[in-house]
Amino acid sequence: MAASYVALLTLCLFLPPLLLVAWKHWRRGRAARHVTVVVLGDVGRSPRMQYHALSLAKSGFSVTLLGFCNSKPHDELLQSDRIQIVRLTDLQRLAVGPHILQYGVKVVFQAVHLLWKLMCTKPAAYVFLQNPPGLPAIAVCWFAGCLCGSKLVVDWHNYGYSIMGLVHGPSHPLVLLAKWKLRLGAHMPQAAPLISASANLPFPGRTSELSLHPEYEKLCGRLSHLNLCVTNAMQDDLAENWGIKAVTVYDKPASFFKETPLDLQHQLFMKLSHTYPVFRARSESSDPDTERSAFTERDALSGAVTRLCGRPALLVSSTSWTEDEDFSILLAALEKFEHLIDSGESLPSLVCVITGKGPLKDYYSRLICQKCFRHIQVCTPWLEAEDYPLLLGSADLGVCLHRSSSGLDLPMKVVDMFGCCLPVCAVKFQCLHELVKHEENGLVFEDSEELAIQLQMLFSKFPDPAGKLHQFRKSLRESEQLRWDESWERTVLPLISDT
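Residues numbered from 1 in each chain as written. Predicted model: local features only at pLDDT ≥ 70, side-chain atom pairs only at ≥ 80, totals over all residues. Heavy atoms only, no water.

> Outline the overall build of the chain, listing residues and values.
In terms of helices and strands, the chain carries 18 helices and 16 strands. Within the chain, buried positions represent 52% of all 499 residues. For the chain, contacts bridging at least 24 residues in sequence account for 73% of all contacts bridging at least 6. (Helix = DSSP H or I, 4+ residues; strand = E, 2+ residues; numbered from the N terminus. Buried < 20%, exposed > 50% of the residue type's maximum accessible area, 1.4 Å probe, protein only. Contact = heavy atoms within 4.5 Å.)

Next up, the structure:
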């Protein structure tokens, strides 16, 4: 009888682990050519993770893409028969109770919901996860991987704690939750102040210079099988301060970011003119059959498209309308540019298009409405995924106001602009030199005064083919930039093919 009890106890102790190991081996066999890509955010506004999914599909993997579906992803993603998009439910914050409770409920819901979705999807050899947001996604994806035999790949775009600290201030309970504890003197990256004091934005800023240690991200990051990051500066920081070895995978433009042919420019302008008046013609053509936009016209007989003489310059910027971009700098520079035109400088009128969605859009829209521009028109559209590359490829100058909350990531919008051979003026921060080379492929500024001077220089005697603007564009055309697909095949594919 005693022997029977011992045998039964032994069976109870060892059978579950053996069954789990057998189940993991079975799932791993089924998962050999399948990858799950996780975005605890809007898939349509997560281009890098869309590119990962497309590259995986092109390399023969089947892909399940988990994320919120608030915006339409790129058509190529939707049309791929190797990619399945699985919608995650985005729980809105509760309307009652303290903020810490509201956030806690949301995190618990996201953890349970994400784990359920991961367990219900097709077995995956790898789980590619975007960070941030990493709370609770890193821990959940690691745990699901332990159960299912999947290997976790964390793609570090930035640090979640630095973004939360930017929004709430480093002493806020939500930030402390993400960091777990406060430490003085830790050698963590310190980004420059992101918003000028004059901006007077409606949110709490950074209130302390204390260095805060992100224990949650640090611990969970070490549990991953593979770590990718977006800059060499971040790679060094992860190794030095977090003990995490990462591979730098620079953002590169997708193949559809390129200069837009003139006839497609005209089609885009005419399409946008139905919704946004800044794209409409300033005057009617003498020929009623001629189709005219603010920048181009199409001949009624030949169908040929030409640029209008005396057309305005098209300046573009894109943003998520978050705290790491201070658009008061651009508005102040535009005011100075307007004064230069009024004083008789040979400068064109401007159409400034700022694309994107985000929490501060209404705030800045009110500021824009308060401006009394006569030579400058500003519009803030949300473009379809297919129209955004066409707009960049049609513009004369790009402006980037992104300042990294950690000082260690790079603005993808500049990558896209360079892919379209669009010259860029970008605000300076810690590792921007890894992307923008001042006076080589663009210009770097620190404040509205410098930006206004750069706008004056670039648009002087516009559209002069001998001007600095044309020289930058020519340099970008000749640079033969590496595209995302080729870069991914060189850096990421070998990492998942050999493991």
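> Quick one: what's the story with the sheet that holds strand 15 (residues 424-427), residue by residue and with numbers?
Taken together, the 6 strands give an open sheet; going across it, the order is 13-12-11-14-15-16, and neighbouring strands pair in parallel fashion. The open sheet is flanked by strand 13 (376-379) and strand 16 (442-445), the only strands paired with a single partner. Strand-to-strand, the axes of this sheet are offset by a mean angle of 20°, without reference to chain direction. Pairing geometry for strand 11 (residues 313-318) and strand 12 (residues 350-355), over 6 bridges, is parallel. Of the residues in strand 12, the one forming a bridge with Leu-315 is Cys-352. Docked against the sheet, helix 15 (residues 448-459) engages strand 11, strand 12, strand 14 (397-400), strand 15 and strand 16, running at close to 155° with respect to strand 16. (Pairing = 2+ DSSP bridges. Axes fitted to C-alpha atoms, helices over the stretch in contact; angles between N-to-C directions.)

> Can you lay out the packing of helix 15 against helix 16 (residues 468-478) for me, pointing to particular residues and giving the numbers?
Two elements in contact, helix 15 and helix 16, have axes whose closest approach is 6 Å; the angle formed by their N-to-C orientations is 85°. Relative to helix 16, helix 15 is oriented roughly perpendicular. Across the interface between the two elements, Met-457, Leu-458 and Phe-459 from helix 15 touch Lys-468, Leu-469 and Phe-472 from helix 16. A breakdown of the residues in the contact of helix 15 with helix 16 according to their chemical character gives 5 nonpolar, no polar and 1 charged. (Parallel < 35°, antiparallel > 145°, perpendicular 65-115°, else oblique. Nonpolar A, V, L, I, M, F, W, Y, C, P; charged D, E, K, R; others polar.)

> Run through the environment of Cys-420, naming residues and quoting values.
Within the secondary structure, Cys-420 sits in the loop between helix 14 (412-419) and strand 15. In this structure Cys-420 comes out as buried when scored by relative accessible area, which is 0%. For the pair Cys-420 and Leu-391, spaced 29 residues apart in the sequence, the C-alpha separation amounts to 9.4 Å. Those residues in contact with Cys-420 that lie beyond four places of it in its chain are Phe-257, Lys-258, Glu-259, Pro-389, Leu-392, Gly-393 and Arg-473.

> Give a detailed account of the layout of surface pockets, specifying residues and quantitative values.
One number sums up the size of the second largest pocket: a volume of about 430 Å³. Lining the second largest pocket we find 24 residues, and of these Arg-307, Arg-311, Asp-396, Pro-463 and Arg-473 sit closest to its centre. Of all the secondary-structure elements, those providing two or more residues to the lining of the second largest pocket are helix 10 (262-273) and helix 16. At 4 residues, the largest contribution of residues to the lining of the second largest pocket is made by helix 16. (1 Å grid on protein atoms, 1.4 Å probe; cavity = no way out; pocket = protein on both sides within 12 Å on 5 of 7 lines; lining within 4 Å. Points joined across faces, edges and corners; volume = space filled by probe spheres on them.)

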